[in-house]
Amino acid sequence: MEKSPIVQEYSFDKQAQVLDLILQIQQKEYNVPITKYDQPDLFIIEEYYQSGKGNFWVALYNEVVVGTISLLDIGNNEAALRKMFVNKDYRGEKYKTASLLLDTAIKWAVEHKIKAIYLGTTPQFLAAHRFYEKNGFISILLGDLPKGFQVLQVDKKFYKYELE
């Protein structure tokens, strides 16, 4: 039986690995034309994500970052799910990395009285769409997003998860 990754709160010593993982998936796996400079939040994770009711987590396997997820506090007891990335070798039923990350974020949201989580994703992330839908997220229209939700340029498909 393979051991599962360990999910823990982000700390600065993991920044380089987080950046490498996210850029590898965006650029090489999905050919999204995005650079680290297009994502300044990745250089200030503590200030940007780990404030208010937000947080950022990493999944570690043998001390290597194999996944990330964050909740960004967007006010009004709502959060945006951001930076959900899992190394392709750690996806699926064998390691359940994505589920461990999402469960951690949802548990945090419940504990911090967040009433809804919103997310935006790109059309080509079809496996991600299936994953979110399987885990209770419902597809919504752009116009259904709260005012505090910042739509990213690549985001064309949107979801909501109700906690109340």
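As the structure is a prediction and not an experimental result, all values here were calculated from the model.

Okay, the side chain of Arg-82 next. With respect to the helices and strands, the residue Arg-82 is situated in strand β4 (residues 78-86). Of the side chains with opposite charge, Asp-155 lies nearest to the buried Arg-82, which makes no salt bridge, at 5.1 Å. Polar contacts involving the side chain of Arg-82 include one to the main-chain carbonyl oxygen of Gln-150, which spans 2.5 Å. Once residues within four sequence positions are removed from consideration, Arg-82 is found in contact with Tyr-48, Tyr-49, Ile-69, Ser-70, Leu-72, Phe-149, Gln-150 and Leu-152.

A word on the layout of surface pockets. It is a probe the size of a water molecule, rolled over the atoms, that shows where empty space is left. Empty space within the largest pocket amounts to approximately 1,100 Å³. Met-84, Phe-85, Thr-121, Phe-125 and Tyr-132 are, among the 41 residues lining the largest pocket, the residues nearest its centre. When residues of the lining of the largest pocket are traced back to their parent elements, those giving at least two are α1 (15-29), α2 (45-49), β4, α3 (97-111), β5 (116-121) and α4 (126-134). Here the residues of the lining of the largest pocket are counted per class, giving 21 nonpolar, 10 polar and 10 charged. Size it by volume and the second largest pocket reaches roughly 160 Å³. Those elements giving two or more residues to the lining of the second largest pocket turn out to be α1 and β3 (64-73). Per-element tally for the lining of the second largest pocket: the top contributor is α1, with six residues. Residues belonging to the lining of the second largest pocket are distributed by class as follows: four nonpolar, three polar and four charged.

Counted under the stated rule, the structure contains 14 aromatic pairs. Considering the side-chain rings of Tyr-48 and Tyr-49, the 4.8 Å spacing of their centres and the 80° angle between planes classify their relative orientation as edge-to-face. Here Tyr-61 and Tyr-90 contribute two aromatic rings whose centre-to-centre distance is 5.1 Å and whose plane-to-plane angle is 50°, an arrangement assigned as tilted. Here Tyr-61 is found in strand β2 (residues 55-61), whereas its partner Tyr-90 is found in the loop between β4 and α3, with 29 residues between them in sequence. Judged by its relative accessible area of 10%, Tyr-61 is buried. An aromatic cluster of at least three residues, connected via ring pairs, comprises Phe-131, Tyr-132, Phe-137, Tyr-159 and Tyr-161. Directly above the ring of Tyr-61 sits Lys-3, whose terminal nitrogen or CZ lies 5.1 Å from the centroid. In this structure, Arg-82 is placed above the aromatic ring of Phe-149, and the distance from its NZ or CZ to the ring centre is 5.3 Å.

Right, let's talk about a nonpolar patch on the surface for a bit. Judged by side-chain polarity, Tyr-37, Phe-43 and Ile-44 come together as a nonpolar surface patch covering roughly 320 Å² of accessible area. Here Ile-44 shows up in the loop between α1 and α2.

Before going further, it helps to spend a moment on the pattern of salt bridges. Taken as a whole and assessed by the stated rule, the structure comprises six salt bridges. Lys-14 is paired through a salt bridge with Asp-13; the nearest N and O atoms lie 3.3 Å apart. Using a relative accessible area of 8% as the deciding quantity, one classes Lys-14 as buried. When its relative accessible area of 55% is taken as the criterion, Asp-13 is described as exposed. The salt bridge partner of Glu-29 is Arg-91, with a shortest N-O separation of 2.5 Å. Here Glu-29, found in helix α1, pairs with Arg-91, found in the loop between β4 and α3; they are 62 residues apart in sequence, far enough to count as distant. Assessed through its relative accessible area of 31%, Arg-91 is described here as partly exposed.

Rules used in this analysis
Residues numbered from 1 in each chain as written. Predicted model: local features only at pLDDT ≥ 70, side-chain atom pairs only at ≥ 80, totals over all residues. Heavy atoms only, no water. Helix = DSSP H or I, 4+ residues; strand = E, 2+ residues; numbered from the N terminus. Buried < 20%, exposed > 50% of the residue type's maximum accessible area, 1.4 Å probe, protein only. Lys, Arg positive; Asp, Glu negative; His and termini not counted. Salt bridge = Lys/Arg side-chain N within 4 Å of Asp/Glu carboxyl O. Polar contact = N/O pair within 3.5 Å; in protein donor to acceptor, adjacent residues only side chain to side chain. Contact = heavy atoms within 4.5 Å. 1 Å grid on protein atoms, 1.4 Å probe; cavity = no way out; pocket = protein on both sides within 12 Å on 5 of 7 lines; lining within 4 Å. Points joined across faces, edges and corners; volume = space filled by probe spheres on them. Nonpolar A, V, L, I, M, F, W, Y, C, P; charged D, E, K, R; others polar. Phe/Tyr/Trp six-rings, centres within 6.5 Å; stacked < 30°, edge-to-face > 60°. Lys NZ or Arg CZ within 6 Å of the ring centre and 35° of its normal. Patch = residues over 30% accessible without salt bridge, like charges linked within 9 Å, V, L, I, M, F, W, Y side chains within 5 Å. Areas by Shrake-Rupley, 256 points an atom, 1.4 Å probe, with all protein chains shown as cover.

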